[in-house]
Amino acid sequence: MKTTTYSIIILLLSITLSYASGTRDKALEAQIKNTGEYRWGEAVNVDPEKAKDAAKRNLCQNIWVAITATSGHRITETESSFQDSSVMSTQTYSALNLQNLSVLTFNENDMTRAIAYIDNASLSQSFETSKQKVRDMVKLAKQAESEGRIGDALKMLYWAYLRTHTYVGELNLGLDGIEIADARMAIERKMKQLVSNLDIKADPCSRTAGCTNTRLTLTYRGNPVSNIEFSYYCGEGDGDDCISINNGENAYITIFKELTQRRVPLPLRIEYVYPGEMRSQPEILNLYGIFKDKCIDLFVEVDLIASWIPEERAEEARQKSAPLVVKPLPKPASRDWSISVQVLADINSKREFQEELTKLKDAGQLYTASDISQLSKNDGHYLALYCNQCVTALLFFDGIKYKNVRTGREYDSYKDILPAEGEVSVTWIGEVRK
C-alpha cells in the first residue's frame, strides 16, 4: 500500500514539475517574442534535433537580414532565395559563434516546435568578439607590411575583410591615410594602397627558342619585398604561371610568345586569398565559401623591354601608325573552381594533400578512384599527380584535355607535366555536382 502511495506521489510530482516547467517555458516564449529584448527563430519538425537546427537557421536568417540591411545589400524574399540565404547565414554564424545561444522545445501533436534565441546583449557581445578578430588580423597585416612581407599583409587584410561580414555596426580601424569608418571599405582601400606602393622593374628581356625571359625585381617603398605571390599570362594555350617569392628573392618569368614591340606592358595579378592556408582557419574558409564572389582586383603592370627590337624600329613604327597604341599582354585569368578544389590545388605536400582530401571525402564533396572509369560521368573529373612526396599538379580533365587548376595551362596528356625523374603516382578524384 505504501509503495503504491509513493508511486502516486512521484507521478503527481512529475506531472506538477512538468506542468510548471511548461508554464515557465511558455512565459519565457512570450517574453522572447514580445519584449524586443531577444532575436529568435522558430521551426517545427517531427525530429527534435532537426527542429532545433531549423530554428537556429531561422534565427541566423534574422540576424543575417540585420547585417545585410546595415551594409547596403539587398535581400530578395522569394522562397528559393530565402532558403539559399538561410543556408548562407547558418554557415556564417557557425563561424561567428553566437554567445549564450539557447533553444526552447515544445511537444505539440507528435511534433517538436523549437525556438532558438539570443538576448540582445549577448548578440552585441558576439559582434564585439568578431570586431576584435578583425582588429587582430589588421594588426598582423600592419606588422607584415612593416617587414616587407606584402603577401602576408594582403592575406591578413583579406581574411579580416571576410570577418567584417559577421557583425552589425561600424568599426574604425584607424589605418594610416584612410579616413573611412567602415572597416570593410577601409580594408579594401588599404589592400589597393599596398599594391600601388609596389615597384616592379624588369631586366631587358632575352629570347631563346621562341620564349621571352626576364627577371623581375620587387621593392616596397624602397625595400625588397620579402614575400608575395602573383600570376601572369604566359601565352596562348599556355595559360598562366604562378610565382611565389620568399626571402626577398627576384622573380624569373617566361612568356611563350614573340614580342613585336620594344615595350610591352605585362599585367600581374597579385594574390591575396591563399585558400590552401585557410585549412588552419575554418572560420575564414567558411566565410570565403560564402563571400568569394566579392572580388578585389589587384593588378600591377610591369613594362617588358624587348632589347632585340632597336629604338629606331620603334620610332619608325610610331611614325607609320601615329599615335602608336601599346597593347598590353592579356591579364591572367581568375580562378573559377570550387573552394574544395582551390584548397587542394594550393597544397604542395602529398601527405597534407591526402589528409585534406580525406576530410573532403568524409564531407561528401569529393571521392576517389583508381581509374577514371570508376568516376560518375555527371561529376567533375580531376587527376592528382604526385612525384616523391610532393604534389606535382591537380588537373581537371574535360574528356579531351587536362587543365592545370592553378595555372590554367592545358595538356593533351597528363604525362606532359610529369617530372623527368622520381617516383610518380596518381589519384583520380570525382567532384560531386549538385
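Here, residues in each chain are numbered from 1, in the same order as that chain's written sequence. It should be noted that, the model being predicted, local features are given only for residues of pLDDT at least 70 and side-chain atom pairs only at 80 or more, the latter also being counted only at that level, while totals for whole chains, interfaces and linings use all residues. Excluding hydrogens and water, the side-chain values take into account all heavy atoms of the structure.

### Observations regarding the sheet that holds strand β12 (residues 299-305)
Strand pairing is assigned whenever DSSP detects at least two bridges linking the two strands. Counting from the N terminus, the helices are DSSP H or I runs at least four residues long and the strands are E runs at least two residues long. One open sheet holds the four strands; their spatial order is β9-β8-β11-β12, and the pairing between them is antiparallel. Whereas interior strands pair on both sides, the edge strands pair on one side only; in this sheet they are β9 (239-245) and β12. For this sheet the average axis-to-axis angle between neighbouring strands, irrespective of direction, equals 35°. Across two bridges, strand β8 (residues 228-235) lies against strand β11 (residues 263-270) in antiparallel orientation. Following the sheet pairing, S231 is matched in β11 by R269. As a rule, the C-alpha atoms of each element are fitted with a line to give its axis, helices using only the stretch in contact, and angles between N-to-C directions run from 0 to 180 degrees.

### Some remarks on the environment of A251
Within the fold, A251 resides in strand β10 (residues 251-255). In this structure the C-alpha to C-alpha distance between A251 and T214, which are 37 residues apart in sequence, comes to 8.5 Å. Contacts are assigned to residue pairs with any non-hydrogen atoms lying within 4.5 Å of each other. Excluding its chain neighbours within four sequence positions, the residues that come into contact with A251 are T214, R215, L216, L218, F230, I243 and I245.

### Details of the nonpolar core
Definition used in this section: a nonpolar core is a set of buried Ala, Val, Leu, Ile, Met, Phe, Trp, Tyr and Cys residues joined via side-chain atoms within 4.5 Å. Note on classification: 1.4 Å probe, protein chains only; a residue is buried when its accessible area is under 20% of the maximum for its type, exposed when over 50%, partly exposed between these limits. Counting residues in hydrophobic clusters, the biggest one holds 98 residues, and the most contacted among them are Y158, L216, F230, F353 and L394. Sort the elements by how many residues they give to this core and helix α5 (residues 150-163) lands first, with ten residues. Other than its neighbours up to four places away in sequence, F353 contacts L344, I347, A384, Y386, V391, L394 and I429. A369, L375, L383 and L395 belong to the second largest nonpolar core, which has eleven residues in total.

### Digging into the pairing of strand β3 (residues 111-119)
Extensive coverage of β3 is indicated by the burial of seven of its nine residues. Both strand β1 (residues 38-45) and β3 contribute to a ladder of eight bridges, which runs antiparallel. Paired with W40 across the two strands is Y117, which belongs to β3. In this sheet, β3 lies alongside strand β2 (residues 102-108) in antiparallel orientation, the contact comprising seven bridges. Its bridge partner being in β3, S102 is matched across the sheet by Y117. A loop of two residues connects β2 with β3, the two strands running antiparallel in sequence, and N109 in this loop sits at a positive phi of about 55°.

### Remarks on the confidence of the model for the chain
Summing up the model confidence of the chain, the mean pLDDT is 84 and the portion of residues at 70 or higher is 84%. A residue's pLDDT is the confidence the predictor assigns to it, expressed on a 0 to 100 scale. At the low end of the mean pLDDT range in the chain sits helix α3 (residues 79-96), at 52; at the high end sits α5, at 96.

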